[in-house]
Amino acid sequence: MAEPITDDKSGETPAEKKVKLWDFPVRLFHWALVAAIITSWWTNQQVMIDLHAIAGYTILALVLFRIIWGFVGSSNARFSSFLTGPKRVLGYASKVPKGSVAELTYAGHNPAGGWMVVVLLVLVGIQAVSGLFASEDTFLFFDGPLVAYASSDVARIMNWIHHTNINLIYVAVGLHVFAALFYLVVKRENLIGAMVTGVRKVPAELATSFQTIRFKSPVLGIAILAICGVIVWGIVTLARSG
Ligand code: HEM
Ligand code: HEM
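So, a few notes on the structure that sits alongside this text. If you're wondering where the values come from, they're calculated on a predicted model, not measured in any experiment.

**Focus on the coordination of the iron atom of ligand 2**
Donor atoms from the polypeptide that coordinate the iron atom of ligand 2 comprise His-30 (NE2) and His-176 (NE2), at 2.0 Å from the metal. Seen from the iron atom of ligand 2, its six donor atoms lie at angles of 88 to 180°, and the figure they make is octahedral. Taken together, the positions of His-30 in helix α1 (residues 24-45) and His-176 in helix α7 (residues 152-185) put the pair 146 residues apart, joining distant regions of the chain. A residue is classified by how much of its surface remains accessible, and His-30, at 18% relative accessible area, is buried. Overall, the relative accessible area of 32% leaves His-176 in the partly exposed class.

Shown next as structure tokens:
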């Protein structure tokens with residue numbers, strides 16, 4: 001089959017347009033989160049508890065940032081733009097196997113993916129917060145910074161949550177990565193590339209819906225992220241010194 005004729009060196013074809021989809025703060029958040037989760041998993045394997053804790057604090061700051069950005073960030077990063085009722089989620093899910101690109105393309109998260117974002121944020125948030133109360137008292141003798149402020153019952157429950165919830169994270173991340181690869185291989189839609197570069201190629205007739213995205217200043221995003229980092233660092237430092 002003949003290749004489509006490209007109109008310039010941008011890689012666009014007359015039938016396809018490159019559109020901006022994700023702002024820089026969302027992309028920074030995503031890949032920093034992935035790196036920090038891999039680090040927290042690996043440092044746990046290597047029994048490097050101090051680094052494990054630092055990776056955990058980083059994750060806490062990232063999740064805090066993403067929650068705030070979900071209210072004040074670019075229009076398609078806002079929870080209100082991608083969280084819909086069960087009818088639309090089921091309607092979307094039923095279209096996935098045979099739906100056309102037009103039916104499956106959203107200028108943000110699709111209705112099913114939107115809820116997955118919330119599931120991932122909640123699980124990762126629970127993991128990071130429970131870690132603040134987790135202890136290892138067999139040979140590392142490490143206490144999370146908030147253990148001293150909790151009753152032994154609360155600390156025990158948090159420790160249990162920390163060791164149990166990680167399995168839910170494995171399942172959710174597994175489904176999430178499977179979905180991203182499914183779109184890439186089966187639907188031939190490169191959502192992963194868009195999360196890296198911020199840009200997605202879509203059929204020209206869909207491009208106008210992407211022009212309605214209102215992007216917030218990346219500097220604002222970085223400033224909010226920095227403040228979240230300072231808040232988490234402050235809580236941990238105060239708790240350790242108190
Ligand atoms: C989202 C962030 C985090 C992730 C993904 C994570 C992941 C893990 C994993 C996979 C384990 C091993 C669980 C098991 O073997 O059953 C673990 C244990 C532990 N984590 Fe975290 N953690 C995070 C945050 C934190 C934080 C912030 C702290 C404390 C500052 C912390 C302290 C601990 C402690 C004390 C243990 C017990 C180690 C042991 O029993 O050998 N974690 N964490
Ligand atoms: C630790 C593992 C991961 C976690 C916790 C995670 C979490 C998330 C979260 C919270 C979002 C929403 C982004 C936002 O709106 O701010 C997201 C989106 C996304 N992630 Fe991940 N992610 C992980 C790994 C990966 C990997 C390895 C890939 C690539 C294979 C990937 C591909 C994507 C894509 C393509 C999107 C955008 C989906 C869409 O277009 O609606 N993620 N991820």
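**A closer look at the site of ligand 1**
Around ligand 1 there are 21 residues in total, and Asn-44, His-52, Gly-131, His-162 and His-163 lie nearest to it. At 2.8 Å from a nitrogen atom of ligand 1 is found a side-chain nitrogen or oxygen belonging to His-162. At 3.3 Å from an oxygen atom of ligand 1 is found a side-chain nitrogen or oxygen belonging to His-163. Here the element with the most residues in the shell around ligand 1 is helix α2 (residues 49-72); it accounts for six residues.

**Quick notes on the site of ligand 2**
Near ligand 2 you find 18 residues, and of these His-30, Arg-66, His-109, His-176 and Leu-191 are the closest. For ligand 2, a nitrogen atom lies 2.8 Å from a polar atom in the side chain of His-30. Contact between ligand 2 and His-109: an oxygen atom at 2.6 Å from a side-chain N or O atom of the residue. Contributing elements (two or more residues each) for the shell around ligand 2: α1, α6 (111-132), α7 and α8 (191-197). Examining the composition of the shell around ligand 2, we find that seven residues originate from one element, α1, more than from any other. For the shell around ligand 2, the residue count by class is 14 nonpolar, three polar and one charged.

**Quick look at the packing of α2 against helix α10 (residues 218-241)**
The geometry of α2 relative to α10 is characterised by a closest axis approach of 8 Å and an angle of 140° between their N-to-C directions. One way to sum up the angle between α2 and α10 is to call them oblique. Classified by chirality, the crossing of α10 by α2 is right-handed. Across the interface between the two elements, Tyr-57, Leu-60, Ala-61, Leu-62, Leu-64, Phe-65, Ile-68, Trp-69 and Val-72 from α2 touch Leu-220, Gly-221, Ile-224, Leu-225, Cys-228, Gly-229, Val-232, Val-236 and Arg-240 from α10.

**Let's talk about the coordination of the iron atom of ligand 1**
Taken together, His-52 (NE2) and His-162 (NE2) make up the full set of protein donors to the iron atom of ligand 1, lying 2.0 Å away. Using a relative accessible area of 17% as the deciding quantity, one classes His-52 as buried.

Conventions adopted
- Residues numbered from 1 in each chain as written.
- Chains lettered and ligands numbered in written order.
- Predicted model: local features only at pLDDT ≥ 70, side-chain atom pairs only at ≥ 80, totals over all residues.
- Heavy atoms only, no water.
- Donors = N, O, S within 2.8 Å, 3.2 Å for Na, K, Ca; no water.
- Tetrahedral: all angles 85-135°; square planar, octahedral: opposite > 155°, others 65-115°.
- Helix = DSSP H or I, 4+ residues; strand = E, 2+ residues; numbered from the N terminus.
- Buried < 20%, exposed > 50% of the residue type's maximum accessible area, 1.4 Å probe, protein only.
- Near = heavy atom within 4 Å.
- Polar contact = N/O pair within 3.5 Å; in protein donor to acceptor, adjacent residues only side chain to side chain.
- Nonpolar A, V, L, I, M, F, W, Y, C, P; charged D, E, K, R; others polar.
- Axes fitted to C-alpha atoms, helices over the stretch in contact; angles between N-to-C directions.
- Parallel < 35°, antiparallel > 145°, perpendicular 65-115°, else oblique.
- Left-handed = near helix turned anticlockwise from the far one by under 90°.
- Contact = heavy atoms within 4.5 Å.

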